[in-house]
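A closer look at the structure
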Amino acid sequence: MNGGMVRCINLLHQLSKNFEVTAIMHQHTSEFKNAFTAYPALANCNMVSTKEQKLKKDLFSFLPPKIASALRQRYWTGNLLGSANLHFLKIYPVVKQLLHRNKFDYIVLEDILLMSLVPLIRKMQPAVKIVYDAYNVNARLLKTQITDSASEKKYYEMFKDECNLYKQVDAAFVCSETDLKELGEMNQGRLNCIVVPNGVGVPEVNNYPAETLKNNEILFCGSLDYEPNREGLIWFCKNVFPKVLELKSDVKLSVVGKGNPGTELMQYLQHPSVHYHGMVPDVVPYYNQAVLAVVPLLSGSGTRLKVLEAMGLGTPVLSTEIGAEGIEYTKDVNIVIADESEVFAQKIIYLINNPAYAVSISKAAYDFVSNRYNWNIIGTKMKSYLLQHS
């Protein structure tokens, strides 16, 4: 799962512990039930799949599919511009049916594209409170990806949408104080935000053993579909890793993550000192055998779940400032920070050559996330907020 999916399923799990929850998904419910072992409270959730709903035919049903989709989008949203969004078209009639049959206190929207549902929700249940879960400040991400007029237009459209969130929703969950401040300013202080940070499932015991330090393997773990991950890993492989190998030739880099790396990154992943594993069924063994995890991000927003994941598993983390953004860390106590390629390389060598220091970072990071970023703690905070504002 990517970071957004991990956040989504954990928030849903926490909500299901404390509230009667109905969740709409695009997967079959049988697929979703596979998650019950890891997230047992999801068994309490009323699951509704867009794939399993029998939808009534309408006046557009007899038209060619593309034309029908385009007309439905315009009819349901009241907007004559823009192209059809298949996710919206699947979810709209399901939401309408549920709003007709049930009364809800809160509706949580997990994607900015779902804002098109707000007029329907307001019309059918005016008293319901709508919460938007902002796991990223999307405009900030898109701004870094402007390469032509089309991407620039996409950025400005997203910026406008996020500046008008206060008109659409009653509250927003954000991942960090940084995101809270930015979205607050974009909405001129009129958006009610609460920080619901990303979290991690923390094992009862820190499993970072001394023998791990006998190998010189470092780990990058993250979805390669995510542009900031690709960008950061290219920077690392091009500017940092060669310096590391000059100082210590037997260091290995393991790269774990789903997605297409692209032509440029794939060239670096074919280096003899790089082990590219792609998507794996379980990331824990890779963390356990690594001396440290690197998070060399140069852009992005939200909170890096992979930083918290590594900390919770007791693997020391070396990150750029942007890579650790949104986490209230203490530099050189529970994480190591470096932004310059030369310094980044030196920090890697120092951690490898000084196992006592690496163990101290590991222990402090484990305690840090256990007390601050445990999903159960975050769930309690979210429960308190929702009960106070119901």
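This text goes with the structure placed above it.
One structure accompanies this document, and this report is about it. Here the structure is a predicted model, which is why all the values come from computation and not from measurement. Position numbers for residues count from 1 along each chain, tracking the sequence in the order it is written. For this predicted model, a pLDDT threshold of at least 70 governs which residues receive local features, and a threshold of 80 or more governs which side-chain atom pairs are given and counted, while totals over whole chains, interfaces and linings are taken from all residues. Excluding hydrogens and water, the side-chain figures rest on all heavy atoms present in the structure.

1. A short note on the packing of aromatic side chains
Aromatic rings from Phe, Tyr and Trp, taking only the six-membered ring of Trp, are treated as a pair when their centres fall within 6.5 Å; an angle between ring planes under 30 degrees marks them as stacked, one over 60 as edge-to-face, and anything in between as tilted. Inspection of every chain in the model, using the stated rule, returns 11 aromatic pairs. Between Phe 60 and Tyr 75, the ring centres sit 5.8 Å apart and the planes meet at 65°, which makes this aromatic pair edge-to-face. In this pair, Phe 60 sits in the loop between strand E2 (46-49) and helix H3 (65-77) while Tyr 75 sits in helix H3, placing the two residues 15 residues apart along the sequence. Their ring planes at 75° and their centres at 5.8 Å tell us that Phe 236 and Phe 344 sit as a pair that is edge-to-face. Here Phe 344 lies in helix H14 (residues 341-353) and Phe 236 lies in helix H10 (residues 227-247), a separation of 108 residues in the sequence. Of the two residues examined, Phe 236 and Phe 344, each falls in the buried class. Only DSSP runs of H or I covering at least 4 residues are called helices, and only runs of E covering at least 2 are called strands; the numbering of each starts at the N terminus. For each residue, the accessible area found with a 1.4 Å probe, counting protein chains only, is set against the maximum for its type, and the residue is called buried under 20%, exposed over 50%, and partly exposed in between.

2. Notes on the environment of Leu 233
Following the sequence through the fold, Leu 233 ends up in helix H10. Along the sequence, Leu 233 and Gly 222 sit 11 residues apart, while their C-alpha atoms lie 9.6 Å from each other. Residue contacts follow a heavy-atom distance rule, with two residues in contact if any of their heavy atoms lie within 4.5 Å. Beyond its immediate chain neighbours, meaning those up to four positions away, Leu 233 contacts Phe 220, Leu 224, Val 255, Leu 265, Leu 269 and Pro 296.

3. Some words on the sheet that holds strand E6 (residues 193-195)
Whether two strands pair comes down to DSSP finding at least two bridges between them. Across the sheet, four strands lie side by side as E3-E4-E5-E6; this open sheet has parallel pairing. Two strands in the sheet have a free side with no partner beyond their single neighbour: strand E3 (106-109) and E6. With direction set aside, neighbouring strand axes in the sheet form an average angle of 25°. Each of strand E4 (129-134), strand E5 (171-174) and E6 is contacted by helix H9 (residues 177-186), which is oriented at about 170° to E6, the strand it contacts most. To define axes, lines are fitted to C-alpha atoms, for helices over the stretch in contact only, and angles between the resulting N-to-C directions are given on a 0 to 180 degree scale.

So far we have only geometry, and geometry alone does not tell us how the molecule works.
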